[in-house]
Each structure stands twice: as structure tokens, then as C-alpha cells.
Amino acid sequence: MQIALALYPRFTLLDIIGPFQVLADVPGNDAFFVAEEAGLVEDHTGHTSLMASRSFADVASPDVVVVPGTLGGNEHDEAIVAWLRRVHPHTQWTTSVCTGSIALAAAGILDGLDATTHWARRDHLEEHGARYCEQRVVDRGKVITAAGVSSGIDMALTLVARMYGPDMAEMAQLGVEYDPQPPFDAGAPSKARPEIVELVKATIDAAFTPA
């Protein structure tokens, strides 16, 4: 099973590392990073990078695509949108985490479809033709989208269950000891205090505002 995890400048690291960790250790999966050009791609913090072993030109028909989000206004990078348009007809599953769904939407993959993204970018997703759902993972057959950042692990486990059944998904979950017990109950806007929601929304909006 060829799984192409896409990178582009200013991607968010946990968006893609969570799914990679779950998917790469499942027997039979060939999980790798791909970008416009092979080589290092810097994340949105500017402090770390991941190595893309293949270029978009090298990967024409992956079985699975995973697209991460970004913090900083590069969520529909032209190269990744063009690549998604080329490869989506050939995938078994096309998936995204966080604002990666906006890249899918920009490629025309989410037209009229239920999908999710980071809660602070829901309006932008809908501007590109999708119907936002306030769910951690939205599974619509061939297309699976996940909400913000950490939900990529949930999406990857959902995908493993679709690929190989619930037993393998449970093994993958136990293997990475994914048993969330957060110290605070503020992981969704419906749970967080209003002043915290406003502060986070303002911070994210500023990151997406051109200088």
C-alpha cells in the first residue's frame, strides 16, 4: 500500500507526523514523504524540517494521500493543489489533516462534500465549496478529513480500520499508546473558555494575514 504524505513550505509538523507514525508501522504499508522537489521541507515554525524522499513528479498514482495543514497562509500551495488534481482520480483514499482540507477543496475534491478542518478556518473551507462539519474525523468514503493538528492520529486510525479492519487499528493504537487523558478540557471551541477561544482565533487569524 503506497502512502504518500505530502509536504509543502510551512506545513505543520504534528499534522503529518501523527499519521506517519500510525501508518508507517503497519505491515504492508510503504509510507513516505513527497514534495514538489525531493529534499528538506521546512515547517511553519522555521525550526525543523522533514525530508521528502520523492518529488510530486515521481508519484503519479499513490494508493493513499495525506495532506497536512499549515499556519501561515500557504494552505493552497499551487504545486500541491495541481498534484492533488492529478493523483486523486487514482487513489483509494485521499485524506487531510487540519487546513490540509482547504488544499483538497482548492483542488475541487470537496465540492459539495461534508468535510472538516481546524475550527478557526471553517469559513475558508466553505468558501472553497465544502460543507464544514464540527467533527474530529469526517469519513466520506474515498475522502477522509480530520480537524485540527492532533486529530490526524484519529484520522490515521480510522484509515487503518478501513484498510485492514478494526483489529489492526486497535493494534496500531496500542502500539503508539494513544490513550488521551489531557490535563485540561479545552481541546475544542465548544469546551474552551470564551476568552481562550478569542485569543487563539486572533493568533491564528494574524498568522494567515499577509504582512
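The rules behind the values
Residues numbered from 1 in each chain as written. Predicted model: local features only at pLDDT ≥ 70, side-chain atom pairs only at ≥ 80, totals over all residues. Heavy atoms only, no water. Salt bridge = Lys/Arg side-chain N within 4 Å of Asp/Glu carboxyl O. Helix = DSSP H or I, 4+ residues; strand = E, 2+ residues; numbered from the N terminus. Buried < 20%, exposed > 50% of the residue type's maximum accessible area, 1.4 Å probe, protein only. Core = buried A, V, L, I, M, F, W, Y, C linked by side-chain atoms within 4.5 Å. Contact = heavy atoms within 4.5 Å. Pairing = 2+ DSSP bridges. Axes fitted to C-alpha atoms, helices over the stretch in contact; angles between N-to-C directions.

Sorry, what's going on with the pattern of salt bridges here?
Side chains that differ in charge, positive against negative, can pair when their charged atoms come close. In total, this model carries eight salt bridges according to the counting rule given. Asp114 is the partner of Arg131 in a salt bridge, and the nearest nitrogen-oxygen pair spans 2.9 Å. Of this pair, Arg131 sits in strand 9 (residues 131-132) while Asp114 sits in strand 8 (residues 114-115), placing them 17 residues apart in sequence. Lys191 serves as the salt-bridge partner of Asp185, at 3.7 Å between the closest nitrogen and oxygen. This pair shows no difference in class: Asp185 is exposed, exactly as Lys191 is. Linked through salt bridges whose partners overlap, the residues forming this network are Asp114, Arg131 and Arg140.

Whenever I open this one, the nonpolar core confuses me. Can you help?
Here is a general trend for soluble globular proteins: nonpolar side chains tend to be buried in one another's company. Counting 59 residues, the largest nonpolar core has Leu7, Val66, Ile80, Trp83, Leu84 and Leu110 as its most contacted members. Broken down by element, the residue count for this core peaks at seven residues, all from helix 5 (residues 151-164). If sequence neighbours within four positions are ignored, Val66 has contacts with Ile3, Ala4, Leu5, Ala6, Ile16, Pro19, Leu23, Thr95, Val97 and Met155.

Any chance you could explain the sheet that holds strand 7 (residues 93-97) here in plain terms?
Within a sheet, adjacent strands bond to each other through the backbone by hydrogen bonds, running parallel or antiparallel. Spatially, 5-2-1-6-7-11-10 is the arrangement adopted by the seven strands of the open sheet, whose pairing is mixed. Where the open sheet ends on each side, the last strands, each with one partner, are strand 5 (54-55) and strand 10 (137-140). Judged from the four bridges that link them, strand 7 and strand 11 (residues 143-146) form a sheet pairing that is parallel. The residue of strand 11 that forms the bridge with Val97 is Ala146. The strands touched by helix 2 (residues 78-87) are strand 1 (2-6), strand 2 (30-35), strand 6 (64-67) and strand 7; relative to strand 6, the strand with the most contacts, the crossing angle is about 160 degrees.

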